[in-house]
Amino acid sequence: MKLTGKEIVLGVTGGIAAYKAAEVVSRLRKMGASVHVIMTENARQFITPLTLETLSGNPVVHDTFERPATWEVEHIALAKRAEVFVIAPATANILAKMACGIADDMLSTTVLATKAPVLVAPAMNTGMWTAPATRQNVETLRQRGVRFVGPEAGFLACGDEGSGRMSEPAAIVEAIEAILCPRRDMEGLRVMVTAGGTRERLDPVRYIGNDSSGKMGFALAEAARQRGAEVTLVCGHTTAERPRGIPVAEVESTCELYDAVMERAAEQDIIIQAAAPADYRPAHPSVQKIKKKAGEGITLELVENPDIAAAVGAGKRPGQTLVGFAAETEHLLDNARRKLDKKNLDMIVANDVSRSGAGFNVDTNIATLLTRSGAVECPLQSKQALAERILDEIMALRNA
Ligand code: PMT
């Protein structure tokens with residue numbers, strides 16, 4: 001029972017995902033944790049306190065002025081007792097209150113008072129999640145150290161499709177575990193992760209690029225950092241939020257990525273190349289914007305870019321672990337195996353980027369981890385969960 005003796009406060013706010021809080025409580029209890037639930041008034045419209053009381057074995061708190069059985073200032077007592085403070089589901093409303101320091105009910109009052117790490121699992125309509133006000137509140141909270149799990153993309157209860165679905169209880173519990181029992185199995189290791197897509201300039205305003213958001217690489221960098229590694233990120237163009245506290249070398253083109261990686265490669269213990277570099281670049285990029293000539297086509301001459309992973313593989317030193325990705329749309333495993341050998345990698349993460357929920361610019365991935373001795377299937381899961389799985393396999397290879 002990994003969480004025996006751990007005190008967790010779980011705030012539940014009013015959204016359709018509130019029913020999933022029951023499974024979060026149940027899983028935490030099975031792991032030995034002591035769980036104290038605070039519900040908002042709205043949450044009580046979606047799930048009864050009795051359910052969460054029965055599962056947690058503790059009274060559910062919701063009213064700031066309720067008379068407690070033993071005399072304590074309840075919100076301060078819970079704020080102090082928490083080793084981690086979780087809010088799942090977290091509505092746009094509670095995120096806004098937290099960002100502004102509003103304390104007008106038991107949950108917002110207690111979370112404002114706590115010194116414990118705070119983890120939120122947002123759940124809301126896509127329009128609310130992407131609204132400028134929510135984006136700003138999320139950014140403010142992140143900057144203050146509040147951690148986020150999800151939201152995931154998918155079908156929402158309101159009938160829309162997009163980002164805003166609460167992470168599954170298993171993922172929330174995993175995130176809680178990572179806070180309460182951080183694994184430090186990568187302490188002392190230097191890890192370089194590449195992320196994002198490259199841009200190959202055609203002229204000052206146009207380029208050849210791809211849809212890589214950086215999410216996969218960032219998840220790997222963040223997970224390695226949490227496990228104690230000294231991490232360096234080398235980033236092409238990305239749209240996802242950068243993990244904080246990790247030094248980043250920014251590049252634009254594949255040639256720049258090559259230089260940045262080669263400059264740092266020798267000192268790394270582990271190199272993970274999740275970036276999507278272009279294989280070709282325009283042979284003669286134009287200094288001025290290319291003018292349209294009506295009625296005429298245009299032919300671009302492309303030249304081959306250096307293969308960074310192959311160059312790193314050629315210079316591999318004993319003790320280094322090299323991991324690449326294979327982004328395929330057909331013959332996934334055959335193509336990936338060829339790349340594993342050709343680039344002298346220790347592992348390749350094969351993802352079929354034509355599958356829904358996998359590959360470019362989504363929060364989830366589906367992959368097979370190929371090594372010379374076997375293959376590990378990783379079904380649809382968050383990029384964070386996959387990152388942990390990849391690191392587990394890397395550490396198993398290194399300790400073999
Ligand atoms: O960033 P996200 O939106 O989260 O998307 C994640 C991802 C789809 C980009 C990621 O999961 C992924 O598959 N990354 C590899 C993309 C790619 O370039 O695949 P590839 O099969 O073309 O290349 C194989 C390997 O060689 C990769 O490790 C790549 O980084 C590397 N490579 C490729 C070309 C090149 N010129 N030099 C390289 O080093």
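As shown above, the structure is provided for reference.
Residues numbered from 1 in each chain as written. Predicted model: local features only at pLDDT ≥ 70, side-chain atom pairs only at ≥ 80, totals over all residues. Heavy atoms only, no water.

## What about the overall build of the chain?
Step number 1: Check the secondary structure of the chain and you find 14 helices and 19 strands.
Step number 2: Taking 400 residues into account, the globule formula puts the C-alpha radius of gyration at 21 Å, and the chain, at 24 Å, falls close to it.
Step number 3: Taken along the three principal axes of its C-alpha coordinates, the chain extends 75 × 60 × 35 Å.
Step number 4: Within the span of the chain, comprising 400 residues, buried residues form 51% of the whole.
Step number 5: In the chain, the proportion of contacts linking residues at least 24 apart, taken out of those at least 6 apart, comes to 68%.
Step number 6: Total accessible area on the chain is roughly 19200 Å²; 51% of this is exposed by carbon and sulfur atoms. (Helix = DSSP H or I, 4+ residues; strand = E, 2+ residues; numbered from the N terminus. Rg over C-alpha atoms; globule rule 2.2 N^0.38 Å. Buried < 20%, exposed > 50% of the residue type's maximum accessible area, 1.4 Å probe, protein only. Contact = heavy atoms within 4.5 Å. Areas by Shrake-Rupley, 256 points an atom, 1.4 Å probe, with all protein chains shown as cover.)

## What to know about the packing of helix H10 (residues 215–226) against helix H14 (residues 383–399)
Step number 1: Here H10 crosses H14 at 55°, and the two axes come no closer than 8 Å. By the angle between their axes, H10 is oblique relative to H14. For the pair H10 and H14, the crossing hand works out as right-handed. In this structure, H10 contributes Lys215, Met216, Ala219, Leu220, Ala223 and Ala224 to the contact, and H14 contributes Lys383, Gln384, Leu386, Ala387, Glu388, Ile390 and Leu391.
Step number 2: In terms of residue class, the contact of H10 with H14 is built from nine nonpolar, one polar and three charged. (Axes fitted to C-alpha atoms, helices over the stretch in contact; angles between N-to-C directions. Parallel < 35°, antiparallel > 145°, perpendicular 65-115°, else oblique. Left-handed = near helix turned anticlockwise from the far one by under 90°. Nonpolar A, V, L, I, M, F, W, Y, C, P; charged D, E, K, R; others polar.)

## Details of the site of the ligand
Step number 1: Neighbouring the ligand are 29 residues; Ser212, Ser213, Lys339, Asn351 and Asn361 lie closest to it.
Step number 2: For the ligand, an oxygen atom lies 2.8 Å from a polar atom in the backbone of Gln273.
Step number 3: A distance of 2.5 Å separates an oxygen atom of the ligand from a polar side-chain atom of Lys339.
Step number 4: Taken together, the elements giving at least two residues each to the shell around the ligand come down to H10, helix H12 (308–314) and strand S16 (321–328).
Step number 5: Class assignment for the residues of the shell around the ligand results in 13 nonpolar, nine polar and seven charged. (Near = heavy atom within 4 Å. Polar contact = N/O pair within 3.5 Å; in protein donor to acceptor, adjacent residues only side chain to side chain.)

## Observations concerning the sheet that holds strand S8 (residues 190–195)
Step number 1: With mixed pairing, the eight strands of this open sheet are ordered in space as S12-S11-S8-S13-S16-S17-S18-S19. At either margin of the open sheet sits one strand with a lone partner, and together these are strand S12 (248–250) and strand S19 (375–382). This sheet shows a mean twist of 15° between the axes of neighbouring strands, independent of strand direction.
Step number 2: Bridging between S8 and strand S13 (residues 270–273) involves four bridges; their strand directions are parallel. Opposite Met192, over in S13, you have Ile271 as the bridge partner.
Step number 3: The sheet contacts of helix H13 (residues 332–342) involve S16, strand S17 (347–352) and strand S18 (364–370), and relative to S17 the element is tilted by about 150°. (Pairing = 2+ DSSP bridges.)

## Remarks on the pairing of S8
Step number 1: Among the six residues of S8, five are classified as buried, and the element is accordingly described as predominantly covered.
Step number 2: Alignment of S8 against strand S11 (residues 230–235), held across six bridges, turns out to be parallel. Paired with Thr194 across the strands is Val234, a residue of S11.

## Examining the environment of Leu397
Step number 1: Within the secondary structure layout, Leu397 lies in helix H14.
Step number 2: Its relative accessible area of 33% is what places Leu397 among the partly exposed residues.
Step number 3: Aside from chain neighbours lying at most four places away, what touches Leu397 is Asp346, Met347 and Thr371.

## So, the pattern of salt bridges
Step number 1: Tallied over the entire structure, the rule returns 26 salt bridges.
Step number 2: The salt bridge partner of Asp346 is Lys316, with a shortest N-O separation of 2.7 Å. Placement of Asp346 in the loop between H13 and S17 and of Lys316 in the loop between H12 and S16 is noted, with a sequence separation of 30 residues between them.
Step number 3: Between Lys339 and Glu328 there is a salt bridge whose closest N-O contact spans 2.6 Å. You can see Lys339 sitting in helix H13 and its partner Glu328 sitting in strand S16, a full eleven residues away along the chain.
Step number 4: A relative accessible area of 8% means that Glu328 is categorised as buried.
Step number 5: Salt bridges sharing partners connect three or more residues here, namely Arg183, Asp185, Arg227, Glu388 and Asp392. (Salt bridge = Lys/Arg side-chain N within 4 Å of Asp/Glu carboxyl O.)

## As for the packing of helix H1 (residues 20–30) against helix H3 (residues 49–56)
Step number 1: Closest axis-to-axis distance for the H1/H3 pair is 9 Å, and the angle between their directions is 10°. One way to sum up the angle between H1 and H3 is to call them roughly parallel. Contact residues: Ala21, Ala22, Val25, Ser26 and Arg29 in H1; Thr51, Leu52, Leu55 and Ser56 in H3.
Step number 2: Looking at the contact of H1 with H3 residue by residue, the classes come out as five nonpolar, three polar and one charged.

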